[in-house]
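Structure assessment
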Amino acid sequence: EVPMVTRDPTYCPTCGTALTTVRLEGRTRSYCDACDEPVYRNPKPAAGVLVVDGDSVLLIRRTNPPAGVWSLPAGFLEADEPPRAAAVRELAEETGVSVPAAATTLFDTAFVEPEEAPTVLVVIYAVGRRETTGDPVAGSDAAAARFVTDEQLVDCDAIEPGYETVFRRAIWEFGDRS
């Protein structure tokens, strides 16, 4: 069983004192009276790449929460890793498809607030299929990897919430470049 992650911290990450709340910068924030500082709750940074081939986009079926849904190949940044490098690394790890980082284009961002995990800010890149090498195969964190057409998005049994319009827009904007 996966433990529920609380949205607001209960204890100070610096000194361990129980936190209170204060009104600061127009928001109610967690506050450590011992350290005399607010404790900010920031999203975790992630990045991914949408590979577009004509009227289809490469998606993965997730094995991590929210498991079972179709989503873009993406993952968390390492501490010393720029978003574009993380995006192409995750694409290769999750799909077996490779692309030079310079071939990708910054496409969008997504603010994801999962129920049982920390909030995530995803930096999304896009690229036409002809810029990539390799055939899609399910890799780490993926139960499946395949190209899904714009039409199939309608019938797809589960798409990660908030992404369907991003996938459609990627097909529309990059479909002629693949």
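Rules used throughout
Residues numbered from 1 in each chain as written. Predicted model: local features only at pLDDT ≥ 70, side-chain atom pairs only at ≥ 80, totals over all residues. Heavy atoms only, no water. pLDDT = per-residue confidence, 0-100. Helix = DSSP H or I, 4+ residues; strand = E, 2+ residues; numbered from the N terminus. Contact = heavy atoms within 4.5 Å. Salt bridge = Lys/Arg side-chain N within 4 Å of Asp/Glu carboxyl O. Buried < 20%, exposed > 50% of the residue type's maximum accessible area, 1.4 Å probe, protein only.

In this model, the chain carries a mean pLDDT of 90, and residues with pLDDT of at least 70 account for 93%. Averaged pLDDT values over the elements of the chain bottom out at 79 in helix α2 (residues 150-155) and peak at 98 in helix α1 (residues 83-95). A low-confidence stretch, residues 1-5 stays under pLDDT 50, and its non-local contacts, those more than four residues away or across chains, total 6 contacts.

This brings us to the pattern of salt bridges. Evaluation of the coordinates by the stated rule reveals 10 salt bridges. Of the charged contacts in the structure, one is a salt bridge between R89 and E90, with a shortest N-O distance of 2.9 Å. Note on E90: relative accessible area 6%, which makes it buried. The closest approach of N and O atoms between E164 and R168, which form a salt bridge, is 2.8 Å. Separated by 4 residues within a single helix, E164 and R168 lie in helix α3 (residues 164-174), roughly one turn from each other. Through salt bridges with shared partners, a single ionic network connects E81, R89, E90 and E93.

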